[in-house]
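The chain contents come next:
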Amino acid sequence: MAYDLPKDPHPSRVVLGRVTPDIRRIVYTWRDGSCSEVTLVRVAGLGHRWFALRADADRRLRTITTIDDRGGSKIWPAGP
């Protein structure tokens, strides 16, 4: 999920979501070719880990890559 923050002094967007307990890392790849790694947070009482990343509103996401506890990875396209 992505949310724009229009009242922020610097227009930005927050991308957030949840992953299953076996996911250990998440890497965002931006359309400009740069990458960002997010921190996974376990919320008490919930079985999933959560992540969030704040970015400039004009940055566009290309893919999200998840890496599981066995070292396997899956690439998720971010959309148009």
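Below: a short report on this structure. Here the residue numbering is sequential within each chain, running from 1 through the sequence in written order. Note on the predicted model: pLDDT of at least 70 is required for a residue's local features to be given, and 80 or more for side-chain atom pairs to be given and counted; whole-chain, interface and lining totals, by contrast, use all residues. Processing note: side-chain calculations cover all non-hydrogen atoms of the structure and skip hydrogens and water entirely.

Remarks on the sheet that holds strand β7 (residues 61–68)
Read across the sheet, four strands follow the order β4-β3-β7-β8 without closing on themselves; strand pairing throughout is antiparallel. Taken across any chain shown, the strands that pair with only one partner, and hence form the sheet edges, are β4 (35–38) and β8 (73–77). This sheet shows a mean twist of 20 degrees between the axes of neighbouring strands, independent of strand direction. The pairing of strand β3 (residues 23–30) with β7 spans seven bridges and is antiparallel. Across the sheet, Arg25 pairs through a bridge with Ile67, a residue of β7. Two strands pair if DSSP finds at least two bridges between them. Helix and strand assignments follow DSSP, with helices taken as H or I runs no shorter than four residues and strands as E runs no shorter than two, numbered in order from the N terminus. Note on geometry: axes are lines fitted to C-alpha atoms, helical ones only across the stretch in contact, with angles between N-to-C directions running from 0 to 180 degrees.

Concerning the pairing of strand β2 (residues 12–19)
Extensive coverage of β2 is indicated by the burial of six of its eight residues. Here eight bridges tie β2 to strand β6 (residues 49–56), and the two strands are oriented antiparallel to one another. Paired with Val19 across the strands is Arg49, a residue of β6. Note on classification: 1.4 Å probe, protein chains only; a residue is buried when its accessible area is under 20% of the maximum for its type, exposed when over 50%, partly exposed between these limits.

Observations concerning the pattern of salt bridges
Here, a salt bridge means any side-chain nitrogen of Lys or Arg that lies within 4 Å of a carboxyl oxygen of Asp or Glu. Using the criterion set out here, one finds five salt bridges in the structure. One salt bridge connects Glu37 with Arg25, and the closest N-O pair in it is separated by 2.9 Å. With a gap of 12 residues between them, Glu37 in strand β4 and Arg25 in strand β3 connect regions that are remote in the sequence. Look at Arg25 and you get partly exposed, because its relative accessible area is 37%. Here Asp32 ties to Arg59 by a salt bridge, and the two come within 3.9 Å at their closest N and O atoms. Placement of the pair is Asp32 in the loop between β3 and β4 and Arg59 in the loop between β6 and β7, with a sequence separation of 27 residues.

Focus: a nonpolar patch on the surface
The grouping of Val41, Val43 and Leu46 at the surface amounts to a nonpolar patch, some 220 Å² of accessible area in total. Tracing the chain through its elements places Val43 in the loop between β5 (41–42) and β6. Residues enter a patch when their relative accessible area is above 30% and they make no salt bridge; the linking distance is 9 Å between like charges and 5 Å between nonpolar side chains (Val, Leu, Ile, Met, Phe, Trp, Tyr). Only the protein chains shown count as covering a residue, and every accessible area follows the Shrake-Rupley method with a 1.4 Å probe.

Everything listed here is a matter of geometry and, on its own, says nothing about what the molecule does.
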